[in-house]
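Coordinate analysis (summary)
Next come the chains, spelled out residue by residue.
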Amino acid sequence: MADTVTLFTSIGLSEQKAKETLKNEALTSAQVVNGATGVDKAMGTMLYSMVSRLKDTKRLTFLADHIARHKICTELQLAAALEFVKNHPQDPINQAEFENVCGVGVVITPEQIEEAVEVVINKHKELLLKERYRYNMGLLMGESRAALKWADGKIIKNEVDVQVLHLLGAKTEADLEKKTKVSPRIMNWRMMKTLFHCEVQSEGKSLMEQLRGEALKFHKTGENYKTEGYVVTPNTMDLLKKHMEITGGQIRTRFPPEPNGILHIGHAKAINFNFGYAKANDGICFLRYDDTNPEKEEEKYFTAIKDMVGWLGYEPYQITHASDNFQRLYDLAVDLVRRGHAYVCHQRGEELKGHNAPPSPWRERPMEESLVLFQRMKKGLFAEGEATLRMKMVMEDGKMDPVAYRIKYTPHHRTGDAWCIYPTYDYTHCLCDSIENITHSLCTKEFQARRSSYFWLCNALDVYCPVQWEYGRLNLTYTVVSKRKIIKLVETGVVRDWDDPRLFTLTALRRRGFPSVAINNFCARVGVTVAQVTMEPHLLEACVRDVLNDTAPRAMAVLEPLKVTITNRSADLKVWMGQRKTVLCTLRTHYNYYFICVMEKGYKRLTPDQPVGLRHAGYVITVQKVIKVSKVVELEVSCCVSTEAKEKPKAFIHWVSQPLKCEVRLYERLFLHKNPEDPSEVPGGFLSDINPHSMEVIDSALVDRSVAGAKVLDRFQFERMGYFSLDPDSTADKLVFNRTVTLKEDPGKI
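All residue numbers here refer to positions counted from 1 along the written sequence of the relevant chain. Totals for whole chains, interfaces and linings use all residues, but because this is a predicted model, local features are given only for residues with pLDDT of at least 70 and pairs of side-chain atoms are given and counted only at 80 or more. The side-chain values count all of the structure's non-hydrogen atoms but skip hydrogen atoms and water molecules.

**Some details on the pairing of strand 4 (residues 342-345)**
Within a regular beta strand, the side chains point alternately toward one face of the sheet and then the other, so they alternate between its two faces. Side chains A342 and V344 of strand 4 all project onto a buried face; the interleaved residues Y343 and C345 project onto the opposite face, where all are buried too. When DSSP finds two or more bridges between a pair of strands, those strands are recorded as paired. Secondary structure counts use DSSP, requiring at least four H or I residues in a row for a helix and at least two E residues in a row for a strand, with both numbered from the N terminus. Pairing between strand 4 and strand 5 (residues 388-391): four bridges, direction antiparallel. By the bridge assignment for strand 5, C345 is matched with T388. When a residue's accessible area, from a 1.4 Å probe over protein chains only, is under 20% of the maximum for its type it is buried; when over 50% it is exposed; and in between it is partly exposed.

Structural data, given as structure tokens:
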């Protein structure tokens, strides 16, 4: 041990770091190549770097030998060597090709460096003379290094500095002046870009542009083995070859929701990512129901999920179910037991909870015995919880031997009573991906801990192994999306159902009037990030306004109507508004409640002393009489053509004539705090954080007759009031409108 510690300290590690390194078998194995006495500091550093970065340990001796013989001496050569062995997992390695790719034996002379840098300097000479030392010297370095791939970067930089100094001379006072500070306006824009998690290179790009081609640095089809952490077995290349024959090299993704709840805004990102990535790259995407838990699955969830995928604009290549593969999954489980990778266990569920569960005393039971017991599980000879099938592996989060099958005596939605044992997510997910020849299994970040088990199970069964890629999930503040908590909100009467417009389920957002394209735009604006993203609701609402401002037809409505009688006209007034003729009828015209009896400074609407114009009508009204019954109930006014008015009115108010009576529902945030599930923010739990003013119902609002033929979910802009959508509760006798968003963002919500 002392010799090994000496070796590690000789290459620059502290004694403490050297001792820690000894605990890592992979890192210490390289020291046997040349022995402690034959490793100098430069070689030792290179060996340490190689071993810590190498994923395929069978190449350890091969690479260490090249380092020990001074064939790989620089960081550039090591990076090229690691990339080469990753891309060539099968033996034998072509030695000549390897050394050519890694620049073995290539010598770059000082004269070559000088000539290459001179070419680059001459190319940029005009701008260099103009901008002097403010010019981006990184461009010079980048182009020089590209021309001299295997040259020492430090030597190149020194040569660039020398030639720039020779061209420009020493720095002047002007060169040393500080750069002008960035204006606050530009800084605010940069802050917004950070807020939206947009990088400069993806700024303004559509979702399809963000997902197309190599934008995400995903592996190419058939090159799964190039992915970090992917395990290559002796049969990997043959399995990939068969996979390519089946798919034709086409990208295949899947969206695999559990049919035990309604999709929410976070799922919108997942749908856009899975379907969008396939669509952007001429691939296909499956909608696969992960229906392995019969206790919680209902037909309404299957239907709602399919509807929401279609609503967002995507068409699945095929709709599949995990239950389609129940027999095949069972056969594979039997095979897993035969291979010695699974066993029947009798530990109870409560014993298996957490990451420190006690080891199973049945882990080493004979394979033949587990096969018999697993067959008895299938035949229903055990009670629920009395036996499980567990896989012999350790997950990345340290959890031992995850369960593959458990017993549930609940009829399945599709298979009825045919099965009483059901596979778990950890067992089902990767195998269904393999069966459907998925190329890119896209999951949210919390599944990263299951990536190694994903690869392990496919390889343990010797079947095609797709690649799992993780991305950050999308969360919103001021809401909850947990199925359990939404059910609690429904059961306690806080909301009416999963589609209550105050929720952020997709059915709720559709009912509230959010256009699907606005939700897709929001997902594009958030971008495909690895980190978890938590956004404010007003950012989603801004996307909604952008769409509705261009698409929603205008109409006038009055939420708190005040009757106004025109007394100086005996006949109806004919008014053209857009493409329709509106009749402004005596005794039957209603206006918004923009009226006060006593004039206040700055008030520009209707008062006894201040006339106003009627929006779009071309008339001006003046108050003649105010009728009160405890409060103002009617105004009698005189009316004249606007061109005949003594002075131009200070304001024009909206109004309705021969209106339809309707109900209007105004929505605010359901919760009072940003994070209602956070005990430090809401100690009493999320149910104690309900906003008592989250919904206001106005049952006697008036709306223009132009909306009479509207269909459910049709959207309108009620002028000066906001955007509204026709609710499914509407009847032939009474329309019901939901306020989608206000016309402008409320500054208090930022």
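Okay, back to it.
**A word on a negative patch on the surface**
Like charges are joined within 9 Å and nonpolar side chains (Val, Leu, Ile, Met, Phe, Trp, Tyr) within 5 Å, but only among residues with over 30% relative accessible area and no salt bridge; these make up the patches. Using the Shrake-Rupley algorithm and a 1.4 Å probe, accessible areas are obtained, with residue cover drawn only from the displayed protein chains. The rule for a salt bridge is simple: a side-chain nitrogen of Lys or Arg has to be within 4 Å of a carboxyl oxygen of Asp or Glu. Working convention for charge: Lys and Arg count positive, Asp and Glu count negative, and His plus the chain ends are omitted. All charge positions are set by atom: Lys at NZ, Arg at CZ, Asp at CG, Glu at CD. A contiguous patch of negative charge, built from E111, E114, E115 and E118, is present on the exposed surface. Positionally, E118 belongs in helix 8 (residues 110-123).

**What about the side chain of Q468?**
One can find Q468 in strand 9 (residues 467-471). On the accessibility criterion, Q468 (2% relative accessible area) is buried. Pairs of N or O atoms within 3.5 Å make up the polar contacts considered here, provided that, within protein, one atom can donate a hydrogen while the other can accept it, and that residues adjacent in sequence are counted only when both atoms are side-chain atoms. Side-chain polar atoms of Q468 contact the backbone oxygen of F447, separated by 2.9 Å. A polar contact of 3.0 Å, which involves the side chain of Q468, links it to the side chain of E470. Once residues within four sequence positions are removed from consideration, Q468 is found in contact with S441, C443, F447, Q448, R450, R451, Y454 and F455. Contacts between residues were defined by any pair of non-hydrogen atoms, one from each residue, lying within 4.5 Å.

**Structural notes on the sheet that holds strand 27 (residues 735-741)**
If you trace the seven strands from one edge of the open sheet to the other, you get 12-25-26-27-23-24-13, paired in mixed fashion. Edge positions in the sheet fall to strand 12 (554-555) and strand 13 (557-558), since each of these pairs with one other strand and no more. Sheet topology places strand 23 (residues 660-667) next to strand 27; four bridges connect them, and they run parallel. Bridging from a neighbouring strand, R665 pairs with N738 of strand 27.

**Details of the nonpolar core**
The nonpolar side chains of soluble globular proteins are, as a tendency, buried together. Each nonpolar core is a collection of buried residues, namely Ala, Val, Leu, Ile, Met, Phe, Trp, Tyr and Cys, held together in the definition by side-chain atoms within 4.5 Å. Counting 98 residues, the largest nonpolar core has I265, F374, Y405, Y427 and F522 as the members making the most contacts within it. Ranked by the residues each element gives to this core, the list is headed by helix 16 (residues 265-280), at nine residues. If sequence neighbours within four positions are ignored, F374 has contacts with Y330, A333, V334, V344, L389, Y405 and I421. Within the second largest apolar cluster, 23 residues are counted, among which are L47, A81, L82 and F84.

**A few points about the packing of helix 18 (residues 326-338) against helix 21 (residues 425-435)**
Angles shown run from 0 to 180 degrees and are taken between the N-to-C directions of axes, each axis being a line fitted to C-alpha atoms and, for helices, limited to the stretch in contact. For the pair helix 18 and helix 21, interaxial distance at closest approach is 11 Å and the crossing angle is 110°. By the angle between their axes, helix 18 is roughly perpendicular relative to helix 21. Our pair here, helix 18 against helix 21, has a crossing hand that is right-handed. Residues R328, L329, L332, A333 and L336 of helix 18 pack against Y427, T428, L431, C432 and I435 of helix 21. Roughly parallel means an angle under 35 degrees; roughly antiparallel means over 145; roughly perpendicular covers 65 to 115; every other angle is labelled oblique. Each crossing gets its handedness from the near helix: less than a right angle anticlockwise from the far helix is left-handed, clockwise is right-handed.

**A closer look at the packing of aromatic side chains**
Two rings from Phe, Tyr or Trp (for Trp, the six-membered ring) form a pair when their centres are within 6.5 Å of each other. A pair whose planes differ by under 30 degrees is stacked, one over 60 is edge-to-face, and the rest are tilted. Scanning the entire structure with this criterion turns up 23 aromatic pairs. On the numbers, 5.8 Å between centres and 55° between planes, the contact of Y330 with W419 is tilted. With Y330 in helix 18 and W419 in the loop between strand 6 (403-407) and strand 7 (421-423), the pair connects residues that are 89 residues apart, well separated along the chain. There is no split in this pair, since Y330 and W419 are both buried. Taken together, the aromatic side chains of F326, Y330, F374, Y405, W419, Y422 and Y427 make up a single cluster linked through ring pairs. Here the guanidinium or amino end of K378 rests over the ring plane of Y330, the centre of that ring lying 5.4 Å away. Distance and angle both matter: a charge sits over a ring if NZ of Lys or CZ of Arg is within 6 Å of the ring centre and within 35 degrees of the ring normal.

**Observations concerning unusual backbone geometry**
In this structure, the amide linkage connecting D91 to the following residue, P92, adopts the cis form with an omega of -5°. By the secondary structure assignment, P92 is in the loop between helix 6 (75-87) and helix 7 (95-101). Notably, S630 is not glycine yet its phi reads approximately 70°, a positive angle. Following the sequence through the fold, S630 ends up in the loop between strand 19 (619-628) and strand 20 (632-641). Taking relative accessible area as the criterion, S630 reaches 84% and is therefore assigned exposed. The phi torsion at L713 lies on the positive side, around 80°, for a residue other than glycine. By secondary structure assignment, the location of L713 is in the loop between strand 24 (695-703) and strand 25 (715-718).

**Brief notes about the sheet that holds strand 1 (residues 252-255)**
Strand-to-strand pairing in sheets goes through backbone hydrogen bonds, with the strands running parallel or antiparallel. In spatial order, the strands read 1-2-3; together these three strands make up an open sheet with parallel pairing. In the strand order of this sheet, the two ends are held by strand 1 and strand 3 (318-321), each with one partner. The mean inter-strand angle of the sheet, taken between neighbouring strand axes irrespective of direction, is 30°. Bridging between strand 2 (residues 284-289) and strand 3 involves four bridges; their strand directions are parallel. Across the sheet, R288 pairs through a bridge with T320, a residue of strand 3. Helix 16 contacts strand 1 and strand 2 of the sheet and is inclined by roughly 160° relative to strand 1.

**Structural notes on the pairing of strand 9**
For strand 9, the tally of buried residues reaches five of five residues, placing the bulk of the element in the interior. Residues V467, W469 and Y471 point to one face of strand 9 and Q468 and E470 to the other, with burial holding for every one of them. By the bridge criterion, five bridges tie strand 8 (residues 440-444) to strand 9 in an arrangement that is parallel. Paired with C443 across the strands is E470, a residue of strand 9. With respect to chirality, the unit in which strand 8 leads through helix 22 (residues 451-460) into the neighbouring parallel strand 9 is right-handed. Look down the strands so they point away from you; if going from the first strand over the helix to the second traces a clockwise path, that crossover is right-handed.

**Focus on the side chain of N293**
Here N293 is to be found in the loop between strand 2 and helix 17 (299-311). Setting aside residues no more than four positions away along its own chain, N293 makes contact with R406 and K408.

**Here's the deal with the packing of helix 10 (residues 137-147) against helix 11 (residues 153-168)**
Between helix 10 and helix 11, the least distance of the axes is 10 Å, while the angle of their chain directions is 130°. Considering their axes alone, helix 10 and helix 11 lie oblique with respect to each other. Crossing of helix 10 against helix 11: the hand is right-handed. Contacts between helix 10 and helix 11 involve M137, L140, M141, S144 and R145 on the former and, on the latter, G153, I156, K157, V160 and V164. Charged means Asp, Glu, Lys or Arg here, nonpolar means Ala, Val, Leu, Ile, Met, Phe, Trp, Tyr, Cys or Pro, and polar covers whatever is left, Gly included. Here the contact of helix 10 with helix 11 is built from residues that sort into six nonpolar, two polar and two charged.

**Considerations on helix 21**
Each full turn of the α-helix corresponds to 3.6 residues, which orients residues three or four apart in the same direction. With nine of eleven residues buried, helix 21 is to be regarded as a mostly interior element. Listed as buried for helix 21 are D426, Y427, T428, H429, C430, L431, C432, D433 and S434.

Geometric values such as these leave the question of function open.
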